[in-house]
Amino acid sequence: MAKAAGKTETGKNSRKPSAGVMPSTPMKICGDVVSSIVAVYVFAILVVFPLFATDMYFNILVDRYYFFWITTAVMLCVSAAIGLIGLFVEYKENGGLAVREFFGQFSRANKDRRQAIKNLFRLPDLFLILFMLTALISTIFSEWQYEAFWGNMGRYQGFFLWIWYAVAYFMVTRFFRMKRWYLDVALIVGLYLAVWGIQDYLELDPHGWLYEVTGEQKAMFTSSIGNINTYTAVIGVYLALSAVLFASGTSGNGASAPGISGCSGERGGNTLPGIEKLAPALSVIRMLFYFVSTAVFFTAIITGQSDNAVIGVAVLLSFLPFYAWKTWGGFVRYLLIAAEFLLALLITRHLTLSNPLSYNGFWSGILLGLSEQSWVEKAFAGILVLIVIVLAALCIRAASAKAAPGKRFGGIFTSRMPGFARVIWLILGILGVCVIVWLFWDANHGGHPSWYEPYANVFYFNNDWGTHRGHNWSILARHFSEFPLWKKLIGSGPETYGIVTRVYDYQEMMDLYGEIYDSPHNEFLQYLFTTGVLGFVGYFGWIISGCAQAFGLCVKTGKNGKSGDALYSTYKKTSGMQDRAAMAACAFAVLVYTGQSFINISVPIIVGLVIVVFSLSQAAAGRDGND
């Protein structure tokens, strides 16, 4: 009788799993296959996309446009085919049990239905859906429907390409398993682009692309990116990735600094035997890689000779303390990053002054107004190099030591830094913004024109400001004010600004400057004009909420040290901090790009990469991942 009672039940209910055990269903296997497909796609965007070109600079915009949407379409089609096969097998073998369980989460009978919906659609998702719906309506009611859909009269970012941007975001956030080495490989590609750009700055032209460009345009193109404004935006993304990963730091036990409460974790059981002995060396190697990368990217973004680079560097150095100044180690690494920036300025200045063929950059005169022969500059350079060496030695020593509480060096480096330091930095930042606003107001309305004469191009806002951006923005403001209310809400249609200026302002533009504005050279104004207030809220709500929640995972804590963000409750299972550091780096990269976009053009050459990087920050939120 005892044996009979212990027999396994057979028949219809034999497939029912025991409580707490997740069955291995065809849909689960299908999901793993799709994850692999999406991983290949992410690798292609991070590695191949920034380098892809069929005819040097002459067709580069169209090349990247086709590469992105075709690659994304292939990824979606193959994933959909795998999904259909998995669905067919699931119904054949299990009667669609997994499908019914999935949709059962959203039935009225489920008490946790609202939480299930929240877990399915996060706040950034809702903002993106708002933007896509607004862009669709804007396209339908646009005066130029065909052009709004294809974007062929602008930079090809019509509604069609935005469909693929949205597909990339949802596929990556749902199926990609975030691992740090993807960012490491991306940084290697970035270093190649940066060194190429630095060589172009010195007119070495390593690949002969500039040789084919004639006239003044030669000074406006560089690396494999093309226009210098886009190039510095791309380098800004890589700079943010390397700087934040370096600021995060690693200790010998594989856990990341800055040691924020609620972000610590231990490795799972999948560590290779004996790898613990190599962890300190690997930490040092990786830290040196991020350190050198940051220095190269600083030099590249300075030699890029674009105004938006100033904004990008300012955003990074201004906001990074709020992330890095959680521990004393993070504070030291931030000081080292700032020293790297000053050293990159000196290096660029030397390259500019020692090579008469190089372009004369506006960065070269920023550093304290020092002349080439000044002994003060030489002394400053020597002190700066000494500071870099000392701080780098401290960081190497900390990376090679296991983090432990107490008086040990590693423990000191990971000990918490007083919170008032970040409060003081915040106050100084607010005061700095107020001073800048006052300077702009005083220069234009204060009656002290002689004070600002040397900086007229910066502080005087007129038609000539920002390479005629003042005139461009005044045209946009005039047309937007004339829109009826419904059009203010949904805009004129994606990528239709250039059509409006050609139709209504052609003669004015030609008479004043002999040029045509096909973009406002400001992404904030571009989305406001083409997709209206609703599209503006949707797009920037998507970016801001995603970055805020990515940062929030490392600063919000609830009971027992768990994440305080309900939208990302599944992230508490993450086996280590490496994904969180990578997630913060991706969010910072998007933040830097968004700051630069205030005076930049939105083009597929950079936006596709930024959206995938942004998606990586969100993909880490709901996935278990190891470094």
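Further up the page is the structure itself.
One structure accompanies this document, and this report is about it. (Residues numbered from 1 in each chain as written. Predicted model: local features only at pLDDT ≥ 70, side-chain atom pairs only at ≥ 80, totals over all residues. Heavy atoms only, no water.)

## Considering the overall build of the protein
Along the backbone of the protein there are 24 helices and 2 strands. Taking all 627 residues of the protein together, 50% fall into the buried category. Partitioning the contacts of the protein with sequence separation of at least 6, the portion at a separation of at least 24 is 77%. Only carbon and sulfur atoms are counted for the fraction: they give 67% of the accessible area of the protein, which is about 29400 Å². (Helix = DSSP H or I, 4+ residues; strand = E, 2+ residues; numbered from the N terminus. Buried < 20%, exposed > 50% of the residue type's maximum accessible area, 1.4 Å probe, protein only. Contact = heavy atoms within 4.5 Å. Areas by Shrake-Rupley, 256 points an atom, 1.4 Å probe, with all protein chains shown as cover.)

## Topic: the nonpolar core
In this structure, Val42, Phe68, Trp162, Phe176 and Tyr238 are the most contacted members of the largest nonpolar core, which totals 129 residues. In terms of residue count, the dominant contributor to this core is helix H10 (residues 228–248) (14 residues). Contacts of Val42, omitting those with residues within four sequence positions, involve Val172, Phe176, Tyr182, Val612 and Leu616. Counting 11 residues, the second-largest nonpolar core is a separate cluster that includes Phe483, Tyr497, Val500 and Met509. (Core = buried A, V, L, I, M, F, W, Y, C linked by side-chain atoms within 4.5 Å.)

## Focus: the environment of Trp425
Its location among the elements puts Trp425 in helix H16 (residues 420–445). Accessibility expressed as a relative area gives 26% for Trp425, which makes it partly exposed. Residue contacts for Trp425: discarding those within four places in its chain leaves Leu317, Ser318, Pro321, Phe322, Trp325 and Tyr334.

## Describing the side chain of Ser293
Position of Ser293 among the secondary structure elements: in helix H11 (residues 275–303). Judged by its relative accessible area of 1%, Ser293 is buried. When sequence neighbours within four positions are dropped, the list of residues in contact with Ser293 reads Leu191 and Ser242.

## Some remarks on the packing of helix H22 (residues 523–552) against helix H24 (residues 604–619)
Across the interface, H22 lies against H24 with an axial gap of 9 Å and an inter-helix angle of 40°. In terms of their interaxial angle, H22 and H24 are classed as oblique. Two packed elements cross with a definite hand, and for H22 against H24 that hand is left-handed. Contacts between H22 and H24 involve Trp542, Ile543, Gly546, Cys547 and Ala550 from the former and Ile611, Phe614, Ser617 and Gln618 from the latter. Among the residues forming the contact of H22 with H24, the class breakdown is 6 nonpolar, 3 polar and no charged. (Axes fitted to C-alpha atoms, helices over the stretch in contact; angles between N-to-C directions. Parallel < 35°, antiparallel > 145°, perpendicular 65-115°, else oblique. Left-handed = near helix turned anticlockwise from the far one by under 90°. Nonpolar A, V, L, I, M, F, W, Y, C, P; charged D, E, K, R; others polar.)

## Considerations on unusual backbone geometry
It is generally the case that most residues other than glycine have a negative phi and that most peptide bonds are trans. Of note in this structure, Met56 is not a glycine but carries a positive phi near 55°. Mapped onto the elements of the fold, Met56 is located in the loop between helix H2 (26–48) and helix H3 (60–94). Although it is not a glycine, Asp205 sits at a positive phi angle of roughly 45°.

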